[in-house]
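One-letter residues, chain by chain:
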Amino acid sequence: MSIDARRAGVPAQAREPARPAPLDPEVRVELFETMVLCRSYEEAILAAYHADKGPGFDIGKGLVPGEMHLSAGQEPVAAGVCAHLTVDDAVTATHRPHHLAVAHGVDLRRMTAEIFGRETGLGRGRGGHMHLFDPATHFSCSGIIAEGYPPALGQAFAFLRSGTDRVAVAVTGEGAANQGAFHESLNLAALWALPVVFVVEDNDWGISVRRSASTSVSSNAVRAAAYGIPGERIEDNDVEAVYAAAGRAVAHARSGRGPSLVEVRTLRMWGHFEGDAQGYRDDLDGIEHRDPITRYEQVLLDADLLDTETAAGIRERARERVADAVDFARESPLPDPSTATDYVFAEEASS
Amino acid sequence: MSITETRPGTSRRLTTSKAMVAALTEEMERDPSVFYLGEDVGAYGGIFGSTTGLLERFGPERVIDTPISETAFIGLGIGAAVEGMRPVVELMFADFLGVCLDQIYNHMAKIHFESGGHVRVPMVLATAAGGGYSDGAQHSQCLWGTFAHLPGMKVVVPSNPADAKGLMTAAIRDDNPVVYVFHKGVMGLPWMAKNPRSTDEVPDGEHVVPIGKARIARAGTDVTVVTLSLSVHHALDVADTLATDGIDVEVLDLRSLVPLDREAILGSVSRTGRLVVVDEDYQSFGVSGEVVATVTDQDPGLLRAPARRVATPDVPIPYAHGLEYAVLPRHDRIERAVRDVLQW
Ligand SMILES: Cc1ncc(C[n+]2csc(CCOP(=O)(O)OP(=O)(O)O)c2C)c(N)n1
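Residues numbered from 1 in each chain as written. Chains lettered and ligands numbered in written order. Predicted model: local features only at pLDDT ≥ 70, side-chain atom pairs only at ≥ 80, totals over all residues. Heavy atoms only, no water.

Draft legend 1. The arrangement of the packing of aromatic side chains in detail. With the rule as written, the count across this model stands at ten aromatic pairs over all chains. Three or more aromatic residues link up through ring pairs in this structure, and these residues are F48, F93, F96 and W191 of chain B. Over the ring of Y49 of chain A we find K53 of chain A; its NZ or CZ atom is 3.9 Å from the centre of that ring. (Phe/Tyr/Trp six-rings, centres within 6.5 Å; stacked < 30°, edge-to-face > 60°. Lys NZ or Arg CZ within 6 Å of the ring centre and 35° of its normal.)

Draft legend 2. Inspection of the site of the ligand at higher detail. By nearness alone, 20 residues border the ligand, and H95, G143, N203 and W205 of chain A together with E70 of chain B come closest of all. Looking at the residues close to the ligand, they fall on chains A and B. Within the backbone of G143 of chain A, an N or O atom sits 2.8 Å from a nitrogen atom of the ligand. Take E174 of chain A: an N or O atom from its side chain is 3.0 Å from an oxygen atom of the ligand. (Near = heavy atom within 4 Å. Polar contact = N/O pair within 3.5 Å; in protein donor to acceptor, adjacent residues only side chain to side chain.)

Draft legend 3. Inspection of the domain arrangement of chain B at higher detail. Residue and element names in this part refer to chain B. Its domain assignment divides chain B into domain 1 (14–208) and domain 2 (215–343). For the pair domain 1 and domain 2, the summed buried surface comes to about 2300 Å²; carbon and sulfur atoms form 53% of the total. For domain 1, the biggest contributors to the area lost against domain 2 are S134, W144 and R197; these three give 25% of the whole. Across the domain 1-domain 2 interface, the total number found is three salt bridges. In this structure, D237 and R197 form a salt bridge, with 2.7 Å as the shortest nitrogen-oxygen distance. Summed over the shared surface of domain 1 and domain 2, the result is 19 residue pairs in polar contact (both at pLDDT 80 or more). When residues of the side of domain 1 that touches domain 2 are traced back to their parent elements, those giving at least two are α6 (144–149), β6 (154–156) and α7 (161–173). (Domains from an automatic or database assignment. Buried area = accessible area lost by both parts, 1.4 Å probe. Salt bridge = Lys/Arg side-chain N within 4 Å of Asp/Glu carboxyl O. Helix = DSSP H or I, 4+ residues; strand = E, 2+ residues; numbered from the N terminus.)

Draft legend 4. Summary view of the packing of helix α9 (residues 262–272) of chain B against helix α10 (residues 287–298) of chain B. All names here are of chain B. Where α9 contacts α10, the two axes come as close as 10 Å, and the packing angle between them is 70°. Considering the angle they form, α9 stands roughly perpendicular to α10. α9 and α10 meet at a crossing whose hand is right-handed. Facing α9, whose interface residues are R262, I265, L266 and V269, α10 presents E290, V291, T294, V295 and Q298. (Axes fitted to C-alpha atoms, helices over the stretch in contact; angles between N-to-C directions. Parallel < 35°, antiparallel > 145°, perpendicular 65-115°, else oblique. Left-handed = near helix turned anticlockwise from the far one by under 90°. Contact = heavy atoms within 4.5 Å.)

Draft legend 5. Structural context of the interface of chain A and chain B. Counting residues at the interface gives 46 residues for chain A, matched by 41 residues for chain B. In this assembly, chain A packs against chain B so that about 3100 Å² is buried in total across both faces, 65% of it on carbon and sulfur atoms. Interface area lost by chain A to chain B is led by I59, I144 and A340 of chain A, which between them contribute 15%. The interface formed by chain A and chain B contains zero salt bridges. Seen at the junction of chain A and chain B, the total is 14 residue pairs in polar contact (both at pLDDT 80 or more). Tallied by class, the residues present in the side of chain A that touches chain B amount to 20 nonpolar, 18 polar and eight charged. (Nonpolar A, V, L, I, M, F, W, Y, C, P; charged D, E, K, R; others polar.)

Draft legend 6. Local environment of the pairing of strand β7 (residues 178–183) of chain B. Residues and elements named next belong to chain B. Most of β7 is tucked away, with six of its six residues classed as buried. Both faces of β7 are covered, namely the face carrying V178, Y180 and F182 and the face carrying V179, V181 and H183. As defined by bridge partners, strand β5 (residues 124–129) adjoins β7 across six bridges and the pair is classed as parallel. Paired with L125 across the bridge in β7 is V179. Both β6 and β7 contribute to a ladder of three bridges, which runs parallel. Counted as the bridge partner of V155 is V179 from β7. Handedness of the β6-α7-β7 crossover: right-handed. (Buried < 20%, exposed > 50% of the residue type's maximum accessible area, 1.4 Å probe, protein only. Pairing = 2+ DSSP bridges. Right-handed = clockwise from strand over helix to strand, strands pointing away.)

Draft legend 7. Structural view of helix α12 (residues 331–342) of chain B. All names here are of chain B. Over its twelve residues, α12 extends 17 Å from the first C-alpha to the last, a length consistent with the 16 Å expected when each residue adds 1.5 Å. Every buried residue belonging to α12 is among R333, I334, A337, V338 and V341, and all of these are buried. All buried residues of α12 fall inside an arc of 135° around its axis, so they share one side. Buried positions along α12 lie against β10 (223–227), α8 (230–243), β11 (249–253), β13 (275–282), β14 (308–312) and α11 (321–327). (Expected span 1.5 Å × (residues − 1). Arc of directions from axis to C-beta.)

Draft legend 8. Molecular detail of the UniProt feature "domain: Transketolase-like pyrimidine-binding" (unreviewed entry) in chain B. Using the residue numbers shown here, the UniProt feature "domain: Transketolase-like pyrimidine-binding" (unreviewed entry) corresponds to residues 14–189 of chain B. Between the end C-alpha atoms of residues 14–189 of chain B there is a gap of 11 Å, over a span that is 36% helix and 19% strand. (UniProt positions renumbered as here; feature names shortened; annotations may be inferred.)

Draft legend 9. Representation of the sheet that holds β11 of chain B within the structure. All names here are of chain B. If you walk across this open sheet you meet the five strands as β9-β11-β10-β13-β14, and the pairing is mixed. Looking at the sheet topology across the chains shown, the edges are occupied by β9 (215–218) and β14. Taken pair by pair, the neighbouring strands of this sheet meet at an average axis angle of 25°, ignoring direction. Relative to β14, β13 runs parallel, the two sharing five bridges. The residue of β14 that forms the bridge with Y282 is T312. Relative to β10, α9 is tilted by about 160°, and along the sheet it contacts β9, β10, β11 and β13.

Set out below in structure tokens:
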């Protein structure tokens, strides 16, 4: 018997999200703007990444070397969640972090400089695209799957102890929800009623492994229930539904009622990483019609909240902001190789 | 278990990853208890090509994609091995060992000892290591010294296609847990800077490289460079360069860290009197210190010059290209060290 056949088919118990009240028109346009900025950013990184990998494709070469995981299609999660946060709240992202960083307000210039490996970057070129750390916005990420969850608990713990209503948002993919750190974190956060919002981006794929081959339940909202915390699953990649669910989760955390989990069925429009030919993928037909940004644009056009000219203006402004960041990064100095062993320890650390 | 060195016969030119797959194919055909388990090892064929074509050949019963649950699936490998199967379990990057280290060093590596030798854990833990392509501090480490430091597991680190096949075959047949660490830079991947020696002749059919036997990759008389994995290639390049200056470098490829072929190290250093150790893993408390101690424990008088170590200084691997190359043991640093020990 195959492993697939043996897996128990546990039915979804996702809570049907309450129909959200119609959103304030300004919020709707802002959500659109945020998504457009995220996408513009990814398009610029995509272009820079592939600019000089040749001849052939050498992953270590070019303006942006190394692995590159882009988030096109997952913008509704970033926009919908981060709309409820200020820079005093923490966001912990994954190996696919850019959309969340952009939506949370990480400085575009310094982030891009980091991705370009420059001295002006967030990590002075030491971290790279999977390791972005910005104390100004309490933003961080991790390249080790699910291992961003536990530190988010600590940020929430610190916020709680300082008597504020700040929250920590921890994001993983659905693939990561099978790693032990995910489960330990849900339990501990629930036990200590920490102000954490766990967000799961379910884009159906963990590299080449489909969700049905990795996950014993059809919704991580069920897993939230196992730890005694609220869990919601948003079935379509709709920014307004994410906004509503995240609003409930953030309010829950801010009011001292502890953690909750929001899972969003989203969409990985591009490869797992750049250079991924995606031969394993059977859901690419017509994927352009599933682009959440063009879909939402149509919603706003239909509601007369946007006209094509305004939408074009939003896109143009986003491109300009991103171009400015890319120029800054490109013109920034490379780190001096003689400093390669700096920053292992804090220089004036007390011991 | 009988171990034979290369059998005479035909051979093919293969990349290191294809040579790994050849070993797996032959062993899976020979022994139905062998199976392969890990992330993206099925349809994807392994992120570093370690399982390309195996799913098509052996089906999803024996080439199994796992969830991202390293503790669970490595532990599963242990349990299956205890019951007589021969799993090869892939940890995608050695860097991820932290999330599943307990299963590795407290279980996989200790059960045989704790059972007083009654229980065997004949499994292979295959994992990719190494940097050089700006993958950052969490995806570029070697960490073979960490595995080697913790008792109870053999550790092999092939540098070329033929050894990749021979060591994989030996690892699968070994009754002990064997960690098989492959450097991404030796695999011959189409999307990484080409190492010319990552494609080479690989014997067809049964080819077993005994675990624990180093290989003289280049014979020389003036200085011994003891190294492993990708650094073997750097050392050979440097040896070629220095040969034009009349310097004759011997390069010893360790191939295996546990057991460590101390005799080969001592034999070579007794002949040359000079030692440079090149290791892409962190310098302190690691392979390079162990190799130097192997010589000085025996007889410091074997050395006509102080030994030199060319390793990654104790710093996480930086992302930016210039910084990364500054810390990796590459040609310039190896050449300087060799010239340095010849000054004495
Ligand atoms: C502990 C650990 N195991 C494996 C990996 C390799 N890896 C990187 S991304 C990934 C898939 C992640 O899938 P998911 O969590 O669904 O996120 P997505 O990539 O779809 O955004 C894997 C297996 C890793 N980085 N860390």
